[in-house]
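Reading the structure
Listed below are the residues making up each chain.
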Amino acid sequence: MIAVRPVLSDQVILGEGCTVDEGVLLGYLTGRRIDDHTLLIGDGACIRVGTVIYAGTRIGAGLQTGHNVVIREENEIGDHLNIWNNSTIDYGCMIGSGVKIHCNVYVAQFTVLEDDVFLAPGVVIANDPHPLCGLCMKGPTIKTGARIGVNVTLLPHITVGEGALIGAGSVVTHDIPPCTVAYGNPARPRKHVDELTC
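Residues numbered from 1 in each chain as written. Predicted model: local features only at pLDDT ≥ 70, side-chain atom pairs only at ≥ 80, totals over all residues. Heavy atoms only, no water.

Description of the overall build of the chain
For the chain, the helix and strand inventory stands at zero helices and 26 strands. The C-alpha radius of gyration computed for the chain amounts to 17 Å, which stays within 12% of the reference 16 Å derived for 198 residues, consistent with globular compactness. Considering only C-alpha atoms, the chain reaches an extent of 50 × 40 × 30 Å along its principal axes. Within the chain, the proportion of its 198 residues that are buried is 43%. Counting contacts in the chain only where the partners sit at least 6 residues apart, residues at least 24 apart contribute 23% of the total. (Helix = DSSP H or I, 4+ residues; strand = E, 2+ residues; numbered from the N terminus. Rg over C-alpha atoms; globule rule 2.2 N^0.38 Å. Buried < 20%, exposed > 50% of the residue type's maximum accessible area, 1.4 Å probe, protein only. Contact = heavy atoms within 4.5 Å.)

Description of the sheet that holds strand E4 (residues 39-41)
Taking strand neighbours across the sheet as the criterion, the eight strands line up as E1-E4-E7-E10-E13-E16-E19-E22 in an open arrangement whose pairing is parallel. Unpaired on one side and paired on the other, strand E1 (12-14) and strand E22 (159-160) mark the two borders of the sheet. With two bridges connecting them, strand E13 (residues 94-95) and strand E16 (residues 112-113) associate as parallel partners. Bridged to isoleucine 95 within E16 is leucine 113. (Pairing = 2+ DSSP bridges.)

As for the packing of aromatic side chains
Scanning all chains against the criterion turns up two aromatic pairs. Taking 5.7 Å as the distance between ring centres and 85° as the angle between the ring planes, the aromatic pair formed by tyrosine 91 and phenylalanine 110 counts as edge-to-face. In this pair, tyrosine 91 sits in the loop between strand E12 (88-89) and E13 while phenylalanine 110 sits in the loop between strand E15 (106-107) and E16, placing the two residues 19 residues apart along the sequence. With a relative accessible area of 15%, tyrosine 91 lands in the buried category. Judged by relative accessible area, phenylalanine 110 falls into the partly exposed class, the value being 34%. In this arrangement the basic side chain of arginine 32 is found over the ring face of tyrosine 91, its NZ or CZ atom lying 3.7 Å from the centre. We note arginine 190 situated over the ring of tyrosine 183; from NZ or CZ to the ring centre the distance is 4.5 Å. (Phe/Tyr/Trp six-rings, centres within 6.5 Å; stacked < 30°, edge-to-face > 60°. Lys NZ or Arg CZ within 6 Å of the ring centre and 35° of its normal.)

Section: the nonpolar core
One finds Ile89, Ile101, Leu119, Leu154 and Val160 to be the most contacted residues of the largest nonpolar core, which totals 41 residues. Dropping the residues within four chain positions of it, leucine 119 is found in contact with Lys100, Ile101, His102, Val105, Val107, Leu113, Ile125 and Ile148. (Core = buried A, V, L, I, M, F, W, Y, C linked by side-chain atoms within 4.5 Å.)

In structure tokens form, the structure reads like this:
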């Protein structure tokens, strides 16, 4: 395998104490027209081999990436994002602090993930109720502390409430209330999270 040195342009601003592996590409230019190509990454990031982070995104302190992560342009991301191997954040997302995105996850354009959201492996997020329309694209809003289980599909425009838990393999087609356990296809509220036992 040929090692590729990290690519850093004058529009990439890295905070102090960052670790960037060989084979990382920072400041990749999108084919979309955007106003600001500055890539800002806060202090203490650890960016692993195969990661590509586009120009025009702002990321807070403590970023941790797995291998082969893609983070597109025009994202606003808080502190301490952990994103594991082979996951993608598409453009135009708002992501809070303390968010954990596991392996093989796709976060569609214009998704909102509030603080402390957890996405398990294989979560897929959609943003277009009429594919190829493009006029009403909007990902879901996942509220603070919500947890999304393995292989869940989240459809456009829905809201998952604060502290909710979505069971593995579910398809979420409608809003889920706060602090609710929901599962199934389509996902339906089943109980309060306080009713869960270990």
